[in-house]
Amino acid sequence: MELNSRIPSGPIEQVWDKARFDMKLVNPANKRKHSLIVVGSGLAGGSAAATLGELGYKVSCFCFQDSPRRAHSIAAQGGINAAKNYQNDGDSIYRLFYDTVKGGDFRAREANVYRLAQISVNIIDQCVAQGVPFAREYGGTLTNRSFGGAQVSRTFYARGQTGQQLLLGAYQALERQVQAGTVTMYPRTEMLDLIVIDGRARGIVTRNLVTGNIDIHLADAIILGTGGYGNVFYLSTNAKGSNATAIWRAHRRGALFANPCFTQIHPTCIPVSGEYQSKLTLMSESLRNDGRIWVPKQKGDKRKPGQIPESERDYYLERRYPSFGNLVPRDVASRNAKYVCDEARGVGETGLGVYLDFSDAIKRLGRKTIEERYGNLFDMYQRITSEDPYQVPMRIYPAIHYTMGGLWVDYYLMSTIPGLFVIGEANFSDHGANRLGASALMQGLSDGYFIVPYTVGDYLATNKLDSVNASHPEVRNAVACVQQTVQKLLSINGKRTVDSFHRELGRIVWEYCGMSRTAQGLDTAIGHIRELREEYWNNVKVPGSGDDFNQSLEKAGRVADFFELAELMCIDARERNESAGGHFREEYQTPDGEAQRDDEHYSYVAAWAYRGYGNYPELIKEPLEFNYVHPSQRSYK
Ligand SMILES: Cc1cc2nc3c(=O)[nH]c(=O)nc-3n(C[C@H](O)[C@H](O)[C@H](O)COP(=O)(O)OP(=O)(O)OC[C@H]3O[C@@H](n4cnc5c(N)ncnc54)[C@H](O)[C@@H]3O)c2cc1C
């Protein structure tokens, strides 16, 4: 199989305009004849469903929460990037493009990233028009702050609740369409399979999470905006419900999965505090604008932070990376936190922590300004740790946060199954091996408001789609598969809970496919995952029935998929004999411990084809070309 990314030719600044002009349009009167399914109502899915509804298509939108407002996107704290250059500090579309390609360690497609930077400016206008309350200067203009991997201030924010405010904007737009009758919302409904007929995506099989009903929904095209798979690690900053089932089941039906091992570990999370913890909390990267990261110079120094004099503190990011200081990208900041903790200079009871200290900023700017900028994050930290970050430095440690990998899509955001589009964190598209902070919201809204509404139209206008109905053998086959899996999980009646398996799986993936990886460790992980998966299918206990609300059953299906995905992540990490961004193979590092890429052999997107349960997947490569930003050793010094 050959992958065709369908990147239009021409100068990069004109590619998207040209593509939009070349795309076929659907006549307004014909739009209402087309039915579309959008799975997901977070920033990506919600904005896509609202926009497609506004265009006049008949849209069905699905989410597993009780309301679209509860999508994981609501948790996003720090902000959204856009190349508006309001600060007049040298930003431009090209600079955002450059920073993103470099930040992703030269493992993303240039054309996609350029388009993202171009569209970023439209997103801000769209959201302001919706009434999203971005922070403003005294005179009323929108204000910005800085995020990692950039030397300009281009991040728009609404205190520490940017995702929530953006989602409320998208939600209003979505509800307007629900009211207008163009969008039908299906909350508490989980997609459990994709229906593929004659090689095209034509529907989904869902389970109603309240009644247990298994239903069929057919359409002319399907759009997945189902979020990332960070919860494969069990402990993560993601919402507990986030899962990979929709994309994994689409993968099993033929959609290639790209770069699964590219996962992001965020440097500023509240450290793990105990065995039974089920969730980790992010302290937004925006805090690195004013907080300074340090550890004691001396190994094993157990003094309280206030007792350690300035001369005995190591502000290790400022020391090692004088140009970017505390604002180095996430992969670099996380790895350095690990190094100092490995040297026994970590802080807190476990020694797995570093300080994020605001005392200088409070002295310089006053407590009120810090409260205005980060008040809700400080309150959250205090509630969780019982420590007051206005008085003592925060303790932070890296944690899994985001997944750059996802279903492979071409320039038009279509997967390898015609008619199946994938948007937001669920696809692999724009961030390469490391996402820069505040770029996920930008990508989700770019995909949902501004890209997929055009590209779906082009697909509908250029393909003749026969009508399909529920009696088609492929529809019946998909329904039978879903029913069998549900019955199988309920019938095992073993001795271990779903959570206990998930926790153990998470430990394996964190240990061997987390912040650093080795070939030997990955082989070990693959063996452990297979053994544990075998036990899962013989010894998991799922209480209750499939005929009503049953959260153990929901989790059981999702964890079954995490097992297979975890193995694919390790296989992908094993196959990529280089370090790039968040994928740090210990064997491949520069003398001063930075990621050492191998452009000659690994400058490609690794797209994996499913070859049956337990079988080794097939690797298909999409070579990457860099005509504008030439690959170099990333340096933030
Ligand atoms: C704590 C935290 C803070 C963050 N802060 C920022 C930030 O400041 N800036 C930034 O750019 N990024 C941030 N991110 C990343 C960003 O929030 C996410 O990448 C982004 O919100 C993902 O949006 P999405 O629409 O792709 O998916 P989600 O918001 O995860 O939405 C997924 C949707 O799919 C639905 N769904 C999933 N599976 C199924 C299924 N099988 N059936 C039916 N429905 C399904 C869900 O119900 C939901 O509606 C943060 C992430 C975390 C964890």
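Details of the structure are given in the entry above.
The present account deals with the structure reproduced in this document.

Criteria and thresholds
Residues numbered from 1 in each chain as written. Predicted model: local features only at pLDDT ≥ 70, side-chain atom pairs only at ≥ 80, totals over all residues. Heavy atoms only, no water. Helix = DSSP H or I, 4+ residues; strand = E, 2+ residues; numbered from the N terminus. Rg over C-alpha atoms; globule rule 2.2 N^0.38 Å. Buried < 20%, exposed > 50% of the residue type's maximum accessible area, 1.4 Å probe, protein only. Contact = heavy atoms within 4.5 Å. Areas by Shrake-Rupley, 256 points an atom, 1.4 Å probe, with all protein chains shown as cover. Near = heavy atom within 4 Å. Polar contact = N/O pair within 3.5 Å; in protein donor to acceptor, adjacent residues only side chain to side chain. Nonpolar A, V, L, I, M, F, W, Y, C, P; charged D, E, K, R; others polar. Phe/Tyr/Trp six-rings, centres within 6.5 Å; stacked < 30°, edge-to-face > 60°. Core = buried A, V, L, I, M, F, W, Y, C linked by side-chain atoms within 4.5 Å. Pairing = 2+ DSSP bridges. Patch = residues over 30% accessible without salt bridge, like charges linked within 9 Å, V, L, I, M, F, W, Y side chains within 5 Å. Salt bridge = Lys/Arg side-chain N within 4 Å of Asp/Glu carboxyl O.

### A short note on the overall build of the chain
- Of regular secondary structure, the chain possesses 17 helices and 19 strands.
- What you see for the chain is a C-alpha radius of gyration of 24 Å, in line with the 26 Å of a compact globule of 637 residues.
- Counting only C-alpha atoms, the chain reaches 75 × 60 × 50 Å along its principal axes.
- When burial is assessed residue by residue, the chain has 61% of its 637 residues classed as buried.
- Taking the intrachain contacts of the chain between residues at least 6 apart in sequence as the baseline, contacts between residues at least 24 apart amount to 74%.
- Approximately 24100 Å² of the chain is accessible, and the part contributed by carbon and sulfur atoms is 48%.

### Details of the environment of G375
- Assignment of secondary structure puts G375 in helix α11 (residues 367–385).
- Sequence separation of G375 and H502 is 127 residues, and the distance between their C-alpha atoms is 34 Å.
- Each residue touching G375, except ones within four places of it in the same chain, is listed here: I370 and Y390.

### With respect to the site of the ligand
- Around the ligand, the surrounding shell holds 37 residues, and the nearest of these are Q65, S73, G78, M191 and E425.
- Within the backbone of A44, a nitrogen or oxygen atom sits 2.9 Å from an oxygen atom of the ligand.
- Interatomic distance of 2.8 Å between a backbone N/O atom of G79 and a nitrogen atom of the ligand.
- When the ligand is considered free in solution it has 1000 Å² of accessible area, and contact with the protein chains removes 97% of it.
- Breaking the shell around the ligand down by element, the ones donating at least two residues are α3 (43–55), β6 (189–197), β15 (394–403) and α12 (440–462).
- Broken down by element, the residue count for the shell around the ligand peaks at three residues, all from β6.
- Taken together, the residues that form the shell around the ligand break down as 16 nonpolar, 18 polar and three charged.

### Some thoughts on the environment of T162
- Looking at the element boundaries, T162 is found in helix α6 (residues 162–180).
- Taking the C-alpha atoms as reference points, T162 and A76, separated by 86 residues in sequence, lie 6.1 Å from one another.

### What to know about the packing of aromatic side chains
- Using the criterion set out here, one finds 28 aromatic pairs in the structure.
- On the basis of an interplanar angle of 80 degrees and a centroid distance of 5.6 Å, the ring pair of Y411 and Y412 is categorised as edge-to-face.
- Judged by relative accessible area, which is 1%, Y411 ranks as buried.
- Residues Y602 and Y604 carry aromatic rings whose centres are separated by 5.8 Å and whose planes lie at 40 degrees to one another, so their mutual orientation is tilted.
- When its relative accessible area of 11% is taken as the criterion, Y602 is described as buried.
- Here a set of aromatic residues connected by ring pairs shows up, and it is made of W16, Y411, Y412 and Y454.

### A short note on the nonpolar core
- If you look at the biggest cluster of nonpolar residues, it comprises 188 residues, and the most contacted ones within it are I80, L194, L224, L420 and Y536.
- In this structure, I80 is in contact with I123, I124, F134, R154, T155, F156, T162, L166, A438, L441, M442 and L445, ignoring residues within four places of it in sequence.
- If you look at the next biggest cluster of nonpolar residues, it comprises five residues, including W294, Y315, V347 and Y355.

### Some points on the sheet that holds strand β12 (residues 292–296)
- With antiparallel pairing, the five strands of this open sheet are ordered in space as β11-β15-β14-β12-β13. The sheet terminates laterally at β11 (263–269) and β13 (313–314), the two strands that pair on one side only.
- Pairing geometry for strand β14 (residues 354–357) and β15, over three bridges, is antiparallel. Looking across to β15, one finds that Y355 is bridged to R395.

### Notes on a nonpolar patch on the surface
- There is a patch of nonpolar side chains on the surface, built from Y94, Y98 and Y628 and spanning about 270 Å² of accessible area.
- Of note, Y628 is situated in the segment after β19 (618–623).
- For Y628, a relative accessible area of 31% corresponds to the partly exposed category.

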